[in-house]
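Structural description and commentary
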Amino acid sequence: MYIQSSDPTIEKIYQSIIGNQDMLVSSVIYGQRYSGKTSLIRKLYKGATWVDGANLKEVHKALEDSQKVVITNFEKVTNIDSLNFENVHVLALYNSKHFNKKLENKFAFIYHFPPLSQREEDIKNFSNYYIEHIKELLDAPANLEIDETLFDLSENLKSLKKSIYKEIMLKTLTKDELYRALYYNFVNSPLEENIYDTELKLFDKAIIDAGLKRFKSQLQVSKKFGISRNTLRKKIDELD
Amino acid sequence: MNSIDFEYLVEIDNNPVIIFSNSGKILYLNTNAEILLGYVNAKEIFNLCLNNAPKEYGYNTVQTELHYGSFTFYSIMVSYTNDDYIAIRLYYKPKIKHISRDTSKVETDLNKVLNNSIIHFNISSKTDIRLMSDLDIPATQTNQNKLSLLLRKILDSYKDAIYVDINMSLKIGEFIIIDDKKYSVISLIYKSDKREKEDDLNIRRLAEDLSFDIYLNENMVSLDIPLIKD
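Residues numbered from 1 in each chain as written. Chains lettered and ligands numbered in written order. Predicted model: local features only at pLDDT ≥ 70, side-chain atom pairs only at ≥ 80, totals over all residues.

**Focus on the overall build of chain A**
The cut-off we apply is this: The way it works is that DSSP assigns letters per residue, a run of H or I at least four long becomes a helix, a run of E at least two long becomes a strand, and they are numbered from the N terminus. Between the two quantities, the radius of gyration covers C-alpha atoms and the globule rule is 2.2 Å times the number of residues to the power 0.38. Counting other C-beta atoms within 10 Å of a residue's own tells you its class, since 20 or more makes it buried, 12 or fewer makes it exposed, and anything in between is partly exposed; those C-beta atoms are placed from the backbone. Note on contacts: residues are paired as contacts if their backbone-placed C-beta atoms lie within 7 Å.
Of regular secondary structure, chain A possesses nine helices and five strands. Taken from N to C terminus, the helices and strands of chain A fall in the order α-β-α-β-α-β-β-β-α-α-α-α-α-α. Here chain A has a C-alpha radius of gyration of 26 Å; the compact-globule value for 240 residues is 18 Å, and the former is much larger. If you line up chain A on its principal axes, its C-alpha atoms span 80 × 40 × 30 Å. Here chain A holds 240 residues, and 25% of them are scored as buried. In chain A, the share of contacts with a sequence separation of at least 24, taken over all contacts with a separation of at least 6, comes to 56%.

Structure representation (structure tokens):
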């Protein structure tokens, strides 16, 4: 599934690449991994020969045999100077947020693909798409709210999707699934001394934090939970 | 009817035109004269005017071969109509050069390559590009990758400029002779308020690699591109 970017810079990059499609020129797009570089050009270069920069032999062969070549993971090419870009249309994808000076004289066109964190419209569009898609997949209620502050953009689209998936999953766990999640967690924990007390704190903290969020005051929480205020305060102090 | 802008016509003339005061101060020079004065002292051209001026008001055309840098002229015309200023026009002689047969040369629409370089430049630059181009320029045989790289580097040298004026046109009456064959010349000129010269060595090397004549100064880049059709 391809989601069209709404970012003005990416739109310009796209138009520029389209303009060069039928020419024997070399271009490189550099930017962080999972920022959407590959998705952008995948539909434009369906008929091209795709090669991985990690395999220099294959790259050389593609440049000799094909008219249109896409080189992925170009940062893994060990000998850039050995590549001959004459009489071939080349598009390289370079995973790095930093510009490599070596590319300067090698490629006719150089594009910097901005990271997702700098593309407000794209964050909105992609997160909406992922939320809808994952809600459907996990049978989550349509009105389930997702806290945007929990979006993880550290690895662009990959971490965004992962953080949304985890958040929806956590909010829709059944008691049985929660039991299994705790069981898997405990069964893999090192069996240290006082493990029972330590792990119970996990449960205590979750239920007290949730109580405070719902009932606002310690007085109300102690009433609802059926424990004294002193016991509740003691537990909160222990957990801090 | 609006008055005809003669100054503009002189400005874009392929041949250098300079107007001096009677003390040798430059009062006007067109773009090609600006390029020429990168290779020859203005005083030398002023002396050329004085030595070849007509005895009375009017003009005098002289057939003479002159060499300045890579430019050769076959004739000059000196004219004055009062005692305050004197003008000179120098006529280019066709250039003779040898261009190696490059197997990477393919039929190329220069307007398209130029436009693509501008679109690419506009992705990350706010510099105002003002393009004047003859859209009827025929396709020429050249290396598209090197040409695109060259044009990208030229525009990059203007990344901090406020504006860039780009003018591409066919040079009327000027030719390059390659292996006894006569080819027309396309002039591509970039002009602005300022230019970064850091990458000039690479720009010059690329232009020479493409067999283009190139002139670079503080705010201008001028390319002469042979129009090779076969």
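**A word on the overall build of chain B**
Each helix and strand in chain B was counted, giving six helices and 13 strands. When its C-alpha atoms are laid out on the principal axes, chain B stretches across 55 × 45 × 40 Å. Out of the 230 residues belonging to chain B, those deemed buried represent 34%. Once local pairs closer than 6 in sequence are excluded, the contacts in chain B between residues at least 24 apart make up 67%.

**Some remarks on the sheet that holds strand β3 (residues 68-72) of chain A**
Residues and elements named next belong to chain A. Condition: In this scheme, strands are said to pair when DSSP sees at least two bridges between them. Note on geometry: axes are C-alpha line fits, over the in-contact stretch for helices, and angles between N-to-C directions span 0 to 180 degrees.
Taken in spatial order, the five strands line up as β2-β3-β4-β1-β5 in an open sheet, and their pairing is parallel. A single partner strand is all that each edge strand has here, and the edge strands are β2 (49-52) and β5 (109-112). Across the sheet, the axes of successive neighbouring strands diverge by a mean angle of 15°, strand direction being ignored. Note: strand β1 (residues 26-31) against strand β4 (residues 89-95), six bridges, orientation parallel. Within β4, the residue paired with Ile29 across the bridge is Leu93.

**What about the packing of helix α8 (residues 218-225) of chain A against helix α9 (residues 229-239) of chain A?**
All names here are of chain A. Under the convention used in this document: With respect to orientation, any angle under 35 degrees is reported as roughly parallel, any angle over 145 as roughly antiparallel, any angle of 65 to 115 as roughly perpendicular, and every other angle as oblique. Crossing chirality is assigned from the near helix's rotation relative to the far helix, an anticlockwise turn below a right angle marking it left-handed and a clockwise turn marking it right-handed. Ten residue types, Ala, Val, Leu, Ile, Met, Phe, Trp, Tyr, Cys and Pro, are classed as nonpolar, four, Asp, Glu, Lys and Arg, as charged, and the remainder, Gly among them, as polar.
Orientation of α8 relative to α9, taken along the N-to-C sense of each, is 110°, at an axis distance of 9 Å. Taken together, the axes of α8 and α9 are roughly perpendicular relative to one another. In this structure, the crossing between α8 and α9 has a hand that is right-handed. Contact residues: Gln218, Leu219, Val221 and Ser222 in α8; Arg229, Leu232 and Arg233 in α9. When the residues that make up the contact of α8 with α9 are grouped by side-chain class, the tally is three nonpolar, two polar and two charged.

**Looking at the domain arrangement of chain B**
Residue and element names in this part refer to chain B. As a reminder, the rule being used: Segmentation of the chain into domains, including their bounds, is taken from an automatic or database domain assignment.
When cut into domains, chain B gives domain 1 (6-93) and domain 2 (106-227). Per element, the largest residue contribution to the side of domain 1 that touches domain 2 is three residues, and it comes from helix α2 (residues 31-36). Here the residues of the side of domain 1 that touches domain 2 sort into three nonpolar, four polar and one charged.

**With respect to the environment of Lys159 of chain B**
Residues and elements named next belong to chain B. Assignment of secondary structure puts Lys159 in the loop between α5 (144-156) and β10 (163-178). For Lys159 and Arg89, which are 70 residues apart along the polypeptide, the C-alpha to C-alpha distance reads 34 Å. Look past the residues within four positions of Lys159 in its chain and what remains in contact with it is Ser125, Thr127 and Glu196.

**A closer look at the sheet that holds strand β4 (residues 71-80) of chain B**
Residues and elements named next belong to chain B. What the five strands build is an open sheet, ordered β2-β1-β5-β4-β3; its pairing is antiparallel. Every other strand in the sheet has two partners, leaving β2 (26-29) and β3 (58-68) as the edge strands with one partner each. The average undirected angle you get between the axes of adjacent strands in this sheet is 20°. Sheet analysis places strand β1 (residues 17-21) next to strand β5 (residues 85-92), joined by five bridges and oriented antiparallel. Note that in β5 the partner of Ser21 across the bridge is Tyr85.

**A short note on the interface of chain B and chain A**
Chain B puts 13 residues into the contact, and the matching count from chain A is 18 residues. Mapped onto the side of chain B that touches chain A, the elements with two or more residues apiece are α4 (110-124) and α5 of chain B.

**Quick notes on the domain arrangement of chain A**
Quite often, the size of an interface is put as the accessible area lost when its parts meet. Per the domain assignment, the segments of chain A are domain 1 (8-114), domain 2 (120-171) and domain 3 (190-239). Measuring from the centre of the C-alpha atoms in domain 2 of chain A to the corresponding centre in domain 3 of chain A gives 30 Å.

**Some points on the confidence of the model for chain B**
Residues and elements named next belong to chain B. The test is simple: Known as pLDDT, the predictor's per-residue confidence is scaled from 0 to 100.
Chain-level statistics for chain B give a pLDDT mean of 90 and a share of 96% at 70 or above. Between the elements of chain B, mean pLDDT differs from a low of 70, seen in strand β6 (residues 95-97), to a high of 97, seen in α5. Across the interface, the model reports ipTM at 0.80; the global pTM reads 0.80.

**Focus: the nonpolar core**
Going by this rule: Take the buried Ala, Val, Leu, Ile, Met, Phe, Trp, Tyr and Cys residues, join any whose C-beta atoms are within 7 Å, and the set you get is a nonpolar core.
Val28, Val69, Ile71 and Ala92 of chain A together with Leu150 and Ala207 of chain B are the most contacted members of the largest nonpolar core, which totals 84 residues. One finds Leu116, Leu157, Leu160 and Ile164 of chain A within the second-largest nonpolar core, a separate group that totals six residues.

**Brief notes about the pairing of strand β11 (residues 181-192) of chain B**
Residues and elements named next belong to chain B. Taken across its 12 residues, β11 has nine buried, putting it largely inside the fold. Pairing analysis gives 12 bridges linking β10 to β11, with the strands arranged antiparallel. Residue pairing in the sheet places Ile177 in a bridge with Lys182 of β11. Connecting β10 to the antiparallel partner β11 that follows it, the hairpin turn spans two residues, and Asp179 within it adopts a positive phi of roughly 50°. Sheet topology note: the β11/strand β13 (residues 220-227) ladder contains eight bridges and is antiparallel. The partner of Leu188 across the bridge, within β13, is Leu223.

**Some points on the packing of α5 of chain B against helix α6 (residues 200-209) of chain B**
The relative placement of two packed helices is expressed as an angle between their axes plus a distance between the axes. Residue and element names in this part refer to chain B. Running from N to C, α5 and α6 cross one another at 150°; their axes reach a closest spacing of 10 Å. The angle between the axes of α5 and α6 places the two elements in the roughly antiparallel class. Seen from above, α5 lies across α6 with left-handed handedness. Residue-level contacts link Lys146, Leu149, Leu150, Lys153 and Ile154 of α5 to Asn202, Ile203, Leu206, Ala207 and Asp209 of α6. Of the residues in the contact of α5 with α6, the class split is six nonpolar, one polar and three charged.

**Details of the pairing of β2 of chain A**
Every other side chain in a regular strand lies on the same face of the sheet, so the side chains alternate between the two faces. All names here are of chain A. Definition in use: The handedness rule is simple: strands pointing away from the viewer, and a clockwise path from the first strand over the helix to the second, make the crossover right-handed.
Where β2 and β3 come together, four bridges link them in parallel fashion. In the strand pairing of β3, Asp52 is matched with Thr72. You can see the chain leave β2, run along helix α3 (residues 56-65) and come back into β3, and the turn it takes is right-handed.

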